[in-house]
Amino acid sequence: MNYKVIGDSCCDYTPALKADPHFTLVPLTLEIGDYSVVDDDHFDQLDFLKRVHASPIGPKTACPSPEAYMKAMEESDADEVYVITLSEHLSGSYQAAVIGKQMYEEEHPDDSRKIYVFSSDTASAGQLNFCLTIKELKEAGKSFDEVVTLVNEKIKTMKTYFVLESLDPLRKNGRLSAVKSFLASALNIKPIMSADGGVIIQLENQRGINKALKRMCQIAVEKAGGPEKTALLRLCITHVNNPARAELVKEEFLKLASFREIVITDAMGVATVYAEDGGIVIGL
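Summary of the structure given here. (Residues numbered from 1 in each chain as written. Predicted model: local features only at pLDDT ≥ 70, side-chain atom pairs only at ≥ 80, totals over all residues. Heavy atoms only, no water.)

A look at a nonpolar patch on the surface
Here comes step 1: On the surface, Val-199, Ile-201 and Leu-203 cluster together into a nonpolar patch covering about 200 Å² of accessible area.
Here comes step 2: Considering the arrangement of structural elements, one finds Val-199 in strand S10 (residues 199-207). (Patch = residues over 30% accessible without salt bridge, like charges linked within 9 Å, V, L, I, M, F, W, Y side chains within 5 Å. Areas by Shrake-Rupley, 256 points an atom, 1.4 Å probe, with all protein chains shown as cover. Salt bridge = Lys/Arg side-chain N within 4 Å of Asp/Glu carboxyl O. Helix = DSSP H or I, 4+ residues; strand = E, 2+ residues; numbered from the N terminus.)

Brief notes about helix H9 (residues 209-223)
Here comes step 1: Taking 1.5 Å per residue as the helical rise, H9 with its 15 residues ought to reach 21 Å, and the 21 Å between its terminal C-alpha atoms agrees with that figure.
Here comes step 2: Where H9 is concerned, the buried positions are Ile-209, Ala-212, Leu-213, Met-216, Cys-217, Ile-219, Ala-220 and Val-221.
Here comes step 3: If you follow the buried residues of H9, they end up packed against strand S8 (160-163), strand S9 (189-196), S10, helix H10 (227-230), helix H11 (243-256) and strand S13 (280-283).
Here comes step 4: One or two residues past the end of H9 sits Gly-225, with phi positive at roughly 105°. (Expected span 1.5 Å × (residues − 1). Buried < 20%, exposed > 50% of the residue type's maximum accessible area, 1.4 Å probe, protein only. Contact = heavy atoms within 4.5 Å.)

A few points about the environment of Glu-165
Here comes step 1: Relative to the elements of secondary structure, Glu-165 occurs in the loop between S8 and helix H7 (168-172).
Here comes step 2: Between the C-alpha atom of Glu-165 and that of Pro-191, which follows or precedes it by 26 residues, the distance is 9.1 Å.
Here comes step 3: For Glu-165, the contacting residues outside a window of four places in its chain are Lys-190, Ile-209, Arg-245, Asp-277, Gly-278 and Gly-279.

What about the packing of helix H3 (residues 66-75) against helix H4 (residues 93-107)?
Here comes step 1: The geometry of H3 relative to H4 is characterised by a closest axis approach of 7 Å and an angle of 55° between their N-to-C directions. Considered as vectors, H3 and H4 are oriented oblique to each other. Handedness of the crossing formed by H3 with H4: right-handed. Here Pro-66, Glu-67, Tyr-69, Met-70, Met-73 and Glu-74 of H3 lie close against H4, whose contacting residues are Ser-93, Ala-96, Ala-97, Ile-99, Gly-100, Lys-101, Met-103, Tyr-104 and Glu-107.
Here comes step 2: The residue inventory of the contact of H3 with H4, partitioned by class, reads nine nonpolar, two polar and four charged. (Axes fitted to C-alpha atoms, helices over the stretch in contact; angles between N-to-C directions. Parallel < 35°, antiparallel > 145°, perpendicular 65-115°, else oblique. Left-handed = near helix turned anticlockwise from the far one by under 90°. Nonpolar A, V, L, I, M, F, W, Y, C, P; charged D, E, K, R; others polar.)

Things to note about unusual backbone geometry
Here comes step 1: Despite not being glycine, Asp-121 has its phi angle at roughly 60°, a positive value.
Here comes step 2: Its place among the elements puts Asp-121 in the loop between strand S7 (114-119) and helix H5 (125-139).
Here comes step 3: Despite not being glycine, Asn-241 shows a phi value in the positive range, around 60°.
Here comes step 4: Among the secondary structure elements, Asn-241 is positioned in the loop between strand S11 (234-239) and H11.
Here comes step 5: Residue Asn-241 is classed as partly exposed on the basis of its relative accessible area, which comes to 31%.

Re the side chain of Ser-76
Here comes step 1: Mapped onto the fold, Ser-76 is located in the loop between H3 and strand S6 (80-85).
Here comes step 2: Every residue in contact with Ser-76, bar those within four places of it in the chain, is listed here: Lys-4, Val-81 and Arg-113.

Some thoughts on the packing of aromatic side chains
Here comes step 1: Considering all chains together, one arrives at five aromatic pairs under this definition.
Here comes step 2: Ring geometry for Tyr-82 versus Phe-144: centroids 5.3 Å apart, planes at 25°, classification stacked. Residue Tyr-82 is found in strand S6, and its partner Phe-144 is found in helix H6 (residues 144-157); the two are separated by 62 residues along the sequence. Phe-144 shares its class with Tyr-82; the two are buried.
Here comes step 3: When the centroid spacing of 5.6 Å and the interplanar angle of 85° are considered together, the rings of Phe-253 and Phe-259 count as edge-to-face. (Phe/Tyr/Trp six-rings, centres within 6.5 Å; stacked < 30°, edge-to-face > 60°.)

Notes on the side chain of Thr-14
Here comes step 1: In this structure, Thr-14 sits in the loop between strand S1 (3-8) and helix H1 (15-19).
Here comes step 2: Residue classification places Thr-14 among the buried positions, given a relative accessible area of 10%.
Here comes step 3: Excluding its chain neighbours within four sequence positions, the residues that come into contact with Thr-14 are Leu-128, Val-263 and Thr-265.

Description of the environment of Val-163
Here comes step 1: With respect to the element layout, Val-163 can be found in strand S8.
Here comes step 2: Expressed as a C-alpha distance, the spacing of Val-163 and Asn-205, which sit 42 residues apart in the sequence, is 9.8 Å.
Here comes step 3: With near-sequence residues (within four places) excluded, Val-163 lies in contact with Lys-190, Pro-191, Ile-192, Ile-209, Ala-212, Leu-213, Met-216, Gly-279 and Ile-280.

Digging into the sheet that holds S8
Here comes step 1: If you trace the six strands from one edge of the open sheet to the other, you get S10-S9-S8-S13-S11-S12, paired in mixed fashion. The strands lining the two open edges of the sheet, one partner per strand, are S10 and strand S12 (261-266). Along the sheet, successive strands turn relative to each other by an average axial angle of 20°, direction set aside.
Here comes step 2: The pairing of S8 with S9 spans three bridges and is antiparallel. If you follow Phe-162 over to S9, its bridge partner there is Met-193.
Here comes step 3: Strand contacts of H5: S8, S11, S12 and S13, with the helix running at about 135° to S11, the strand carrying the most contacts. (Pairing = 2+ DSSP bridges.)

What is shown is where atoms sit, not what they do.
What follows is the structure, encoded as structure tokens:
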């Protein structure tokens, strides 16, 4: 199985994937005002969250450079390279990876390795789901072309959902007015969000985080085709600094349906920026 998966740091790898030599990360950079930190294995989630809470300015992310992707490709000795990035509608990471691939091919015109860049149309738990799918397909002996076809098919059907503990990050980034943010907080309104073609959309509002999470699980199972379909699917759950809440979400899902596999992981920096403390993201 001579392959390599290169993910940007929104893939939220599990500890097992971080230790797997088939997987590597190209990190984004996180910024809060003048402070910046690379979203790599040294990312300190608790320190970053403290800085976010103390800052009147919302955190931002900067995508990797094309050179960073090209370097990751050069450092790989695999015959097949699969790159998984954030949705191209949310970040420049995909375009940077595409340019990095072009640069690599120009610098190494005689190289016979195969490289494919996926725009995941998702983020976080959704990206992780695709990474695990590639691993599974390669372990099953699938060819490069088969992996590309099957993953692209999965990108069209898999859905990502998330619930935020706080709307403050959206307010700080100018995506929600101070009045709406105040009213939502006062009324304990928690939006249930999803992605449509890689673009973030709001599905519903619920009063209270537990109601929102429960409803998110119901929507996800319904959209996936019900229990008879989910039994064949992998459910990925990413949490931001709240493993107990992730377990609660897992139990809510298991009340509704069974799954081929359930994977829980803690968020790296990019998902921490956008889901914030206590946020939950699922990919099904």
